[in-house]
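# Chain and residue survey
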Amino acid sequence: RSKARTSVEISLSPEFKQFIEGQVALGAYATPSEVVGDALRLLQLHDRERETLVSDLRQKIAVGLEQIDRGETVEAAEVFDELRRRNAQSQANAR
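Let me begin by describing the structure that accompanies this report.

This brings us to the overall build of the protein chain. Each helix and strand in the protein chain was counted, giving three helices and zero strands. In sequence order, the protein chain lays out its α and β elements as α-α-α. Rg of the C-alpha trace for the protein chain: 24 Å, well past the compact-globule value of 12 Å for 95 residues, more than 25% over. When the backbone C-alpha atoms are referred to their principal axes, the protein chain occupies close to 60 × 40 × 30 Å. For the protein chain, the exposed surface amounts to about 9,000 Å²; the carbon and sulfur share of it is 54%. The averaged location of the 16 negative side-chain charges in the protein chain is 5 Å from the averaged location of its 14 positive side-chain charges.

In structure tokens:
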């Protein structure tokens, strides 16, 4: 599938320039533009995944705040006791 292209001039660190040239020299990519395009696609994917994680976290926080408002809480000491118990059990299983 052919997409319209436009040119953009960018400045790169010597390390990035060397990396791009190395990828082309290895034959992994035909052109420096393909290397940069692939890197940008990965950045887009990373950003979408991060947005999903942040959204999920906000939802869980909202649920937790609603539980607090309803009085559905657990004492911190009880939580830490359970974490210590699980940690000890995990360490015992690892041996």
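So, about the pattern of salt bridges. Scanning the model with the defined rule gives seven salt bridges in all. Put simply, Arg 41 and Asp 38 hold a salt bridge, and the shortest N to O gap is 3.8 Å. Remark: Asp 38 and Arg 41 occur in helix H2 (residues 32–69); sequence separation between them is three residues, near one turn of the helix. By relative accessible area, Arg 41 is classed as partly exposed at 49%. You can call Asp 38 partly exposed: its relative accessible area is 25%. A salt bridge links Glu 82 to Arg 86; its shortest N-O distance comes to 2.9 Å. Linking Glu 82 with Arg 86, this pair stays in helix H3 (residues 76–94), spanning four residues, or about one helical turn. Through salt bridges that share partners, Glu 82, Arg 85 and Arg 86 make up one connected network.

With that settled, the discussion passes to the environment of Ser 13. As for its placement among the helices and strands, Ser 13 is situated in the segment before helix H1 (14–26). Distance in space between the C-alpha atoms of Ser 13 and Gln 67 is 50 Å, their sequence separation being 54 residues.

Right, let's talk about H2 for a bit. End to end, H2 covers 55 Å across 38 residues, agreeing with the expected 56 Å (1.5 Å per residue, within 8%). At the exit of H2 stands Gly 71, carrying a positive phi of roughly 80°.

The N-to-C vectors of H1 and H2 enclose an angle of 115°; their axes lie 9 Å apart at closest approach. In terms of orientation, H1 and H2 fall into the roughly perpendicular class. In this structure, H1 crosses over H2, and the sense of that crossing is right-handed. Packed against H1, whose contacting residues are Ile 20, Gln 23 and Val 24, the element H2 presents Pro 32, Val 35 and Val 36 at the interface. Residues belonging to the contact of H1 with H2 are distributed by class as follows: five nonpolar, one polar and no charged.

Parameters and conventions
- Residues numbered from 1 in each chain as written.
- Predicted model: local features only at pLDDT ≥ 70, side-chain atom pairs only at ≥ 80, totals over all residues.
- Heavy atoms only, no water.
- Helix = DSSP H or I, 4+ residues; strand = E, 2+ residues; numbered from the N terminus.
- Rg over C-alpha atoms; globule rule 2.2 N^0.38 Å.
- Areas by Shrake-Rupley, 256 points an atom, 1.4 Å probe, with all protein chains shown as cover.
- Lys, Arg positive; Asp, Glu negative; His and termini not counted.
- Charge placed at Lys NZ, Arg CZ, Asp CG, Glu CD.
- Salt bridge = Lys/Arg side-chain N within 4 Å of Asp/Glu carboxyl O.
- Buried < 20%, exposed > 50% of the residue type's maximum accessible area, 1.4 Å probe, protein only.
- Expected span 1.5 Å × (residues − 1).
- Axes fitted to C-alpha atoms, helices over the stretch in contact; angles between N-to-C directions.
- Parallel < 35°, antiparallel > 145°, perpendicular 65-115°, else oblique.
- Left-handed = near helix turned anticlockwise from the far one by under 90°.
- Contact = heavy atoms within 4.5 Å.
- Nonpolar A, V, L, I, M, F, W, Y, C, P; charged D, E, K, R; others polar.

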